4 protein chains.
Amino acid sequence: MPKKKLNMGLIGYGFMGRAHSNAYNKVNKFFDLEYEPVLKAVCARKEAILKPFAERWGWESTETDWRRLIERDDIDCIDIGSPNNTHRDIAVAAAEAGKMVLCEKPLAMNAAEGLEMTEAIEKAGVANMVWFNYRRVPAIALAKQLVDEGRIGRVFHYRAKYLQDWTISADVPQGGETLWRLDADVAGSGVTGDLLAHSIDTAIWLAGGIDKVSAMTETFIKERPTQDDPSVTREVKIDDACAFLARFNNGALATFESTRYARGRKNQNTFEINGEKGSLFFDLEDAHQLQYFNHDDDEHVHGWRTILVTDSEHPYMDHWWVPGCVIGYEHTFINALADFLQGLETGTPVRPNFRDALGTQRVCDAVLKSARTEAWEKV
Amino acid sequence: MPKKKLNMGLIGYGFMGRAHSNAYNKVNKFFDLEYEPVLKAVCARKEAILKPFAERWGWESTETDWRRLIERDDIDCIDIGSPNNTHRDIAVAAAEAGKMVLCEKPLAMNAAEGLEMTEAIEKAGVANMVWFNYRRVPAIALAKQLVDEGRIGRVFHYRAKYLQDWTISADVPQGGETLWRLDADVAGSGVTGDLLAHSIDTAIWLAGGIDKVSAMTETFIKERPTQDDPSVTREVKIDDACAFLARFNNGALATFESTRYARGRKNQNTFEINGEKGSLFFDLEDAHQLQYFNHDDDEHVHGWRTILVTDSEHPYMDHWWVPGCVIGYEHTFINALADFLQGLETGTPVRPNFRDALGTQRVCDAVLKSARTEAWEKV
Amino acid sequence: MPKKKLNMGLIGYGFMGRAHSNAYNKVNKFFDLEYEPVLKAVCARKEAILKPFAERWGWESTETDWRRLIERDDIDCIDIGSPNNTHRDIAVAAAEAGKMVLCEKPLAMNAAEGLEMTEAIEKAGVANMVWFNYRRVPAIALAKQLVDEGRIGRVFHYRAKYLQDWTISADVPQGGETLWRLDADVAGSGVTGDLLAHSIDTAIWLAGGIDKVSAMTETFIKERPTQDDPSVTREVKIDDACAFLARFNNGALATFESTRYARGRKNQNTFEINGEKGSLFFDLEDAHQLQYFNHDDDEHVHGWRTILVTDSEHPYMDHWWVPGCVIGYEHTFINALADFLQGLETGTPVRPNFRDALGTQRVCDAVLKSARTEAWEKV
Amino acid sequence: MPKKKLNMGLIGYGFMGRAHSNAYNKVNKFFDLEYEPVLKAVCARKEAILKPFAERWGWESTETDWRRLIERDDIDCIDIGSPNNTHRDIAVAAAEAGKMVLCEKPLAMNAAEGLEMTEAIEKAGVANMVWFNYRRVPAIALAKQLVDEGRIGRVFHYRAKYLQDWTISADVPQGGETLWRLDADVAGSGVTGDLLAHSIDTAIWLAGGIDKVSAMTETFIKERPTQDDPSVTREVKIDDACAFLARFNNGALATFESTRYARGRKNQNTFEINGEKGSLFFDLEDAHQLQYFNHDDDEHVHGWRTILVTDSEHPYMDHWWVPGCVIGYEHTFINALADFLQGLETGTPVRPNFRDALGTQRVCDAVLKSARTEAWEKV
């Protein structure tokens, strides 16, 4: 049966542009889907970089103005992989043009923008997804399954960390093509939007909504050279580190922490959930594993179980290789894309959608506000 | 050369009384010391339990009134292993009687008591120590050594957890002989004084003083039967769980968390310190190991190193067995006692002393206050 | 600059056919190479399966007779991904036709076949590679680099395991489309050729040639139904498990073991090498890590270091994502293919070639012979 | 109730003399037993060392001739902690004198001696035990319990390692007071008797008798200075390393390996047992843990469970501290002693006895013979 073509228009050729392009190339090779994405057009401002990018990844055409991309009749779906300060305008325009919209995280510069986007999307009634790709790590998807199976029970505690160490040197510049995540004007915030947004999205998914937070942030290196002109040094306005206490709506206590100054931690995105009946622990640096403690086990064999999440009965894994053969970082995007396409096919829209991501954005906003006010803030 | 005898008077025959008695029996078998503790007298109220305890551990005599014990001329040193609400009166009286004083942690019910005790001790000028025994875990002592060697550098982050799960069931009673730690009137607080006091003592030792905190606490089970009379149910007033954010005086950010509701965690006392030059991680459930990341290693072999802290060049270990042979929980008390006795011998008093423990108590007080005020509190 | 096209003809559409097809699709997206493989033709006997396979993976044409594929002028390179009992005839014919030849492991049914193939390849002087893909696990490639840097020194010990558990049930059939690895007539041997061949290839690469072996094998389930006709039960002739002692030419002692009956082990391919100056440990179930013990470290911080092999200075990783982001099983094939293509580009042929694989085959033959003779056998 | 006194006579003041003396001091403090060992006399040749040893550990008297010790009427039980070449004569004489006999492992210099000893012991009908102390590691005792509960089922595989690295330097001397384990005339063999004897004892306990073996040994450093006179260099006759394949009587395949040349391994005594229904793994360097894989778990939560063997329902642990508080190396001797005393009390003799240890010795002999003959040898 011939596939239904879904004409994609991607904005951005950076790290995420590459990850998404790879997903469009691979999804139908590993998943049996009604829909097939077509790499119709990729859009970015610098044509000299854009052209070879398009050629390498098989994009049929290029655009240098995202408005032009949205106007094109041959584009069904806009995929926003450009810096955070562009998300709002593109998403709203795309929705108004009736396009489906996929958007990288964090959803927006702040919750106000996020609300505007979500309302535009919902008003247009278009299919949409926000790329919180870690929900598609098989071990995290398995965690969600175990929660849904009732294996955790009443939740007492949640703790999440997202630790990196790549900005400790004062020589790392800010801003520009590849380092805009260090520029508050482009990124909105530092680790809060870039890393904690992931942690918060996972937390809400696994343990429900967050009621209030008490936060602190720090910028350890106060000034950095700019990437585009290293002779110019500017104040650093992002949060290098952020930690917060939280209360879930269900009463559970939580701690969250993120930094790019944890020497030796490369991409240590962890969570632990402690419930009456069981506990779970995950670490993205060992992404193929989920740790599970089951209180129902016989007492003398109680223990934390390391589940090697590579078997065919584990989420997504029947699409990949054989037991014991891991998948990697890029597959989280392919799995997410497959879920989006399946959502179109089945009529059950994929999650997280813009509304979900707005919820996460609101927590981020409350966190940053609390760090400023030095008081507990309601989400 | 004959040993100098140090006549001990121990108060308490509970879990700590047992650990201390064992230390007095063993210290001279494994350490070459000028002093030898003599198990002169043990004191507790219930004679029916006290007598067999004394016989088992080799205490020469018993007392049922601690005031009587302090009055005895043949006692050089009072060791307070009784519940927290007895510490102040005993310590002050012992100091005033010119006895050396060892005291279990937490120092007191609160910092006001702790100050009174510390002033009495310092006025009397008697040798003293507070049993924060985990400083004598060889791996933690090694961590301190590595910090002092300058291997961590400027500290950015500190994070500590102390997780247990033994009070999740609502059937666990409170109060009484063995469960007074669940009774706020006797213990002063819950996990804050019992568990976080350990974490805070270690943190201050490794990373310096704490400036301010923002905390939250929770009591998950609101009522429990009493141990002495299970037909009587009383409100639970201790903190079952406590988490707080902190700022060190040196600017480092910290998170601390403790609970007895972390299903699957038995005695998971962990800390991680991230500095410019290196990082350390410790978990009491793997107490024989210290994890160390050294940024000075060649880049392609950067990695977290698991140091098996059992070699003769590691703290305390030349007194025990051979490489690869671990020591256990009880040895932390023996090591601490050896340090105390060596302090007497060398004239360099052991740490932590009452003044140090008062500093930890002040952090505990600020934490509990912050949980009530829902505001940041200075220590 | 336009790429040089390399027209590929793949034989086999099974597990390996899929892994290789994926590699052809992806290699130029992640590596900057002079050559670009073209998916010209795929060949297998069952057209009903072959056609959709070709369509899914983008193969331009299909063949059902491998002789016809070799005859085609538009094919530059034959890739043998079919069962072991077909390797010899295809490889010899392809070499005689002047085609480059890639071949899955094990090289052949036995060393006699392997020698015939190697001589044909060398006589023809064609580019060739055997897909011992695990050499391209970044952590294993890093192990090789550390050995070459002299960080291990004189080798005392080598130990390797390759443990799985998927054939414990007597209900698993043998033979047929997907289970030919359990049929000795098609596979040549059981775990020896399938799993230990990997272990041996890695061992020789890291520690040099093997002089002699003493082996034992076992077939735990003596009879199994056949896959094609479950009503027919046949004797199982493969080795379910194999363990052997070995001496390297350099005097080092080694143990090797493989089985498909190690309950709980999914794809646990491990090796450890102990040398005078250092040691290494690897486990394919944690493929992103290499453990390294460096005797030159200061004594009190001696420890096994867990190297997270995801940084850009690690082998292959600058082609993939960012630090902390792992690659998976399939990437070992892409890395291997890139190496092969770079070999064509630079004139330094890739390894392992047929001659290398023949060396591994000879060890396998000696192992199987020793298991029969119950005596030490020279390789 | 007053304890029954058991008058002990210990031979040897080395590493084992210290471990046993500690056990005699502590056993009644932690176990409620009918019997109480009395430290009556310790015996060794060098009085200058013996006297302070006796004083430190509380031995009431000393002897310098073991024959004299055996003659003493006030000695009930002889404990042999002297070098291996003394075991036979002492044990036989002690048995003939009607004393109970405890003996360090390995039982003897060889199986012929071991048989003589065993027959003397059995003829005399005296209580006896061989100190294979690792059976009393709680995690290993738990492993035995799980096997006995039928949780492993039919055994397919057993693999054991015992790796150390303390003799890699050629400067380590042999022979003399503390290094007699490197002198074949005193020790009988190298790692085979010292380390593999432990592994074999555990293996037989967990998986049954061993039928035949194929072994290899190596002496990496051919000559070493002597400890007593460093100017004299002698040939090293012990096995520095030993590896062997084995078949259990039940058909299971096994690999065993031991060395003192595994750089970075301090006391890595491991075993893994793979059965139809489950698997177990243990590593003495993490002695507080047992790894358990239970095939009966739900498929999607299959995983290796890390059992923290510190709870009161675990073997021996109700005698020690609280959950999460580990015991150490020395406690294995105390637990063993408690078992011996309980055996006297209950009339069910403790294991392993001399007969059991003879079985282990026979495997050691077969291993050493196989290494010489380069052939499989029956046990």
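Residues numbered from 1 in each chain as written. Chains lettered and ligands numbered in written order. Predicted model: local features only at pLDDT ≥ 70, side-chain atom pairs only at ≥ 80, totals over all residues.

1. Re the overall build of chain A
Along its length, chain A carries 11 helices and 17 strands. Overall, the C-alpha framework of chain A stretches about 65 × 60 × 40 Å when taken along its three principal axes. Within chain A, the fraction of its 379 residues that count as buried is 62%. Sequence separation of 24 or more characterises 70% of the internal contacts of chain A that already satisfy a separation of 6 or more. (Helix = DSSP H or I, 4+ residues; strand = E, 2+ residues; numbered from the N terminus. Buried ≥ 20, exposed ≤ 12 C-beta atoms within 10 Å, placed from the backbone. Contact = placed C-beta atoms within 7 Å.)

2. Here we look at the interface of chain B and chain A
Taken together, the contact between chain B and chain A spans 30 residues of the former and 30 residues of the latter. Put simply, the parts of the chain that give the side of chain B that touches chain A at least two residues each are β7 (155-163), β8 (210-218), β11 (241-248), β12 (253-259), β13 (268-275) and β14 (278-283) of chain B. Take the side of chain B that touches chain A: its biggest share by element is four residues, from β12 of chain B. Here the residues of the side of chain B that touches chain A are counted per class, giving 14 nonpolar, 10 polar and six charged. (Nonpolar A, V, L, I, M, F, W, Y, C, P; charged D, E, K, R; others polar.)

3. Topic: the relation of the copies chain B and chain D
Expressed as a screw transformation, the operator carrying chain B onto chain D has a rotation angle of 180 degrees and an axial translation of 0.0 Å, and the superposed copies differ by an RMSD of 0.0 Å. Between the two chains, the operation in question is that of a two-fold axis. Taking the C-alpha atom as reference, chain B places Gly328 of chain B closest to the rotation axis, 2.3 Å from it. (Least-squares fit on C-alpha atoms with pLDDT ≥ 70 in both.)

4. Considerations on the domain arrangement of chain A
Many descriptions give the size of an interface as the accessible area lost when the pieces come together. Domain parsing of chain A yields domain 1 (4-133) and domain 2 (135-378). Of the residues lining the interface, 35 residues belong to domain 1 of chain A; the matching set on domain 2 of chain A comes to 40 residues. (Domains from an automatic or database assignment.)

5. Here we look at the sheet that holds strand β1 (residues 4-11) of chain A
All names here are of chain A. Reading across the sheet, the six strands line up as β3-β2-β1-β4-β5-β6 and stay open at both edges, with parallel pairing between neighbours. Since the sheet does not close on itself, it has two edges, and those belong to β3 (61-63) and β6 (128-130), each with one partner. Geometrically, the sheet is characterised by an average inter-axis angle of 25 degrees between neighbouring strands, direction not taken into account. Pairing of strand β4 (residues 77-80) with strand β5 (residues 100-103), which is carried by four bridges, proceeds in the parallel orientation. Across the sheet, residue Ile80 finds its bridge partner in β5, namely Cys103. (Pairing = 2+ DSSP bridges. Axes fitted to C-alpha atoms, helices over the stretch in contact; angles between N-to-C directions.)

6. Points about the interface of chain B and chain D
Listed per partner, the contact involves 23 residues of chain B and 23 residues of chain D. Secondary structure elements with two or more residues in the side of chain B that touches chain D: α1 (15-30) and α2 (47-57) of chain B. Classifying every residue of the side of chain B that touches chain D gives 11 nonpolar, six polar and six charged.

7. Topic: the environment of Arg151 of chain C
Secondary-structure assignment places Arg151 of chain C in the loop between α6 (138-148) and β7 (155-163). The spatial distance from the C-alpha of Arg151 of chain C to the C-alpha of Arg260 of chain C is 34 Å, given a sequence separation of 109 residues.

8. Some details on the packing of α1 of chain B against helix α9 (residues 331-346) of chain B
The relative placement of two packed helices comes down to the angle between their axes together with the axis-to-axis distance. All names here are of chain B. Interhelical geometry of α1 versus α9 gives an angle of 65 degrees and a closest axis separation of 8 Å. Crossing handedness for the pair α1 and α9: right-handed. Across the interface between the two elements, Ala19, His20, Asn22, Ala23, Lys26, Val27 and Phe30 from α1 touch Phe333, Ile334, Leu337, Ala338 and Leu341 from α9. Looking at the contact of α1 with α9 residue by residue, the class counts come to nine nonpolar, two polar and one charged. (Left-handed = near helix turned anticlockwise from the far one by under 90°.)

9. Here we look at the pairing of strand β2 (residues 35-43) of chain A
All names here are of chain A. In this sheet, β2 lies alongside β1 in parallel orientation, the contact comprising eight bridges. Paired with Gly9 across the bridge in β2 is Ala41. In this fold, β1 hands off to helix α1 (residues 15-30), which returns the chain to β2; that crossover is right-handed. Between the parallel pair β2 and β3, the chain is carried across by helix α2 (residues 47-57), and the sense of this crossover is right-handed. (Right-handed = clockwise from strand over helix to strand, strands pointing away.)

10. Concerning the relation of the copies chain B and chain A
Taken as rigid bodies, chain B and chain A are interconverted by a rotation of 180 degrees and an axial shift of 0.0 Å, the fit giving an RMSD of 0.0 Å. In this assembly the copies share their binding face: 100% of the residues contributing to the interface of chain B also contribute to that of chain A.

11. Structural notes on the packing of helix α4 (residues 87-96) of chain A against helix α5 (residues 111-124) of chain A
Residue and element names in this part refer to chain A. Two elements in contact, α4 and α5, have axes separated by 8 Å at closest approach and are oriented at 15 degrees. The angle between α4 and α5 places the two elements in the roughly parallel class. Judged by the twist between their axes, the crossing of α4 over α5 is left-handed. On the side of α4, the interface is formed by Arg88, Ala91, Val92, Ala95 and Glu96, while α5 contributes Glu113, Glu116, Met117, Ala120, Ile121 and Ala124. Residue composition of the contact of α4 with α5, grouped by class: seven nonpolar, no polar and four charged. (Parallel < 35°, antiparallel > 145°, perpendicular 65-115°, else oblique.)

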